[in-house]
Amino acid sequence: MNQIKKSLVLFTKVSLPDLDKVTLMNRIDKKFCIHISQIPDLLETLRPNYSVLEIKGETLFNYDNTYFDTPDNQMYLNHQNGKRNRYKIRMRKYVESDLNFLEIKFKNNKGRTIKERTEKQDFNPHFTNNDLQFLDQSSPYSGKQLEPKIRSYFNRFTLVDNHFTERVTIDISPGFQNQENEIVLNNLAIIEVKQNKGCYQAHITKVLQEKKIRMQSFSKYCIGRSLLEEKLKKNNFKPLLILLKKQYYN
């Protein structure tokens, strides 16, 4: 982690208002998994073409999330079964800034991710009347039928390209917790490349391909639950689960 921080010091810095130019709440995204030891070398390659988000002198931030689903796990199973037009619902806490949001992510049948969110006063995993109204308006799920399923947490830094057309998040050592178990993938970093349009290849995608790092579908919600719960259906996730346990968990 210290080596990553040292590498980020060398980057040009951008602020949150700068990042507003590339919010990408409606986007095409691609994900990649790499070993945490590969990050410093990757950052050295990316530095001429990207800047890093800095807030109050910090570039690495803690995120805490609670994911919700129906009692019969409709959202999880929709993803596991390969259904298009699927949803994820979570509460997210930006720890350092003490900001909290209720967020809805919708993946449509054209491969676009559309995110809506509303700010919350706290990180309490219960829905207020405003939350219930937001869920009714923006998803097919009633908040009254949802229950917390899993906690997910990680460290993140955010890069933006010099033209403010790409936003890249890199999540380090994600952890997952439910009432019975907890697991941390200490050696894993998840790269997510976010663009408004998929008509051109992002610079980081070219770099990753040159390093023979392949695109990898990865849902923190689904993978976290698959790792923690033996009885869940997880056929489509098994190759990734084997890889994660072999290379990224210790």
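Every value quoted in this text rests on a predicted model; they were computed, and no experiment measured them.

Student: Just checking my understanding: could you explain the overall build of the protein chain for this structure?
Tutor: The helix and strand inventory of the protein chain stands at eight helices and 11 strands. Taking 18 Å as the expected radius of gyration for a compact globule of 250 residues, we find that the protein chain reaches 18 Å, a close match to that expectation. Along the first, second and third principal axes, the C-alpha atoms of the protein chain reach 50 × 40 × 35 Å. Sequence-distant contacts in the protein chain: of pairs separated by 6 or more residues, those separated by 24 or more amount to 68%. About 12,700 Å² of surface is accessible on the protein chain, with carbon and sulfur atoms providing 46% of the total. Across the protein chain, the mean location of the 42 positive side-chain charges is 7 Å away from that of the 28 negative side-chain charges.

Student: What's the story with the packing of aromatic side chains in this structure? I'm lost.
Tutor: The final tally for this structure, using the stated rule, is nine aromatic pairs. Centre to centre, the rings of Tyr-87 and Phe-106 are 4.7 Å apart; their planes meet at 35 degrees, and the pair counts as tilted. Of the two residues, Tyr-87 is situated in strand E5 (residues 86-94) and Phe-106 in strand E6 (residues 99-107); the sequence distance between them amounts to 19 residues. An aromatic cluster of at least three residues, connected via ring pairs, comprises Tyr-63, Tyr-94, Phe-101 and Phe-154. If you follow Lys-220 out to its NZ or CZ, it ends over the ring of Phe-154, 4.7 Å from the centre. Stacked on the ring of Tyr-76, the Lys or Arg Arg-225 has its end atom at 5.6 Å from the ring centre.

Student: Whenever I open this one, the pairing of strand E9 (residues 166-177) confuses me. Can you help?
Tutor: Every other side chain in a regular strand lies on the same face of the sheet, so the side chains alternate between the two faces. Burial analysis of E9 places 11 of its 12 residues in the buried class, the great majority of the element. Pairing analysis gives seven bridges linking E9 to strand E11 (residues 188-195), with the strands arranged antiparallel. Across the sheet, residue Asp-171 finds its bridge partner in E11, namely Ile-190. Where E9 and strand E10 (residues 182-184) come together, three bridges link them in antiparallel fashion. Looking at E10, one finds that Phe-176 is bridged to Ile-183. Where E9 folds back on E10, the antiparallel hairpin that results is connected by four residues.

Criteria and thresholds
- Residues numbered from 1 in each chain as written.
- Predicted model: local features only at pLDDT ≥ 70, side-chain atom pairs only at ≥ 80, totals over all residues.
- Heavy atoms only, no water.
- Helix = DSSP H or I, 4+ residues; strand = E, 2+ residues; numbered from the N terminus.
- Rg over C-alpha atoms; globule rule 2.2 N^0.38 Å.
- Contact = heavy atoms within 4.5 Å.
- Areas by Shrake-Rupley, 256 points an atom, 1.4 Å probe, with all protein chains shown as cover.
- Lys, Arg positive; Asp, Glu negative; His and termini not counted.
- Charge placed at Lys NZ, Arg CZ, Asp CG, Glu CD.
- Phe/Tyr/Trp six-rings, centres within 6.5 Å; stacked < 30°, edge-to-face > 60°.
- Lys NZ or Arg CZ within 6 Å of the ring centre and 35° of its normal.
- Buried < 20%, exposed > 50% of the residue type's maximum accessible area, 1.4 Å probe, protein only.
- Pairing = 2+ DSSP bridges.

Honestly, that's just the spatial picture; any functional story needs more than this.
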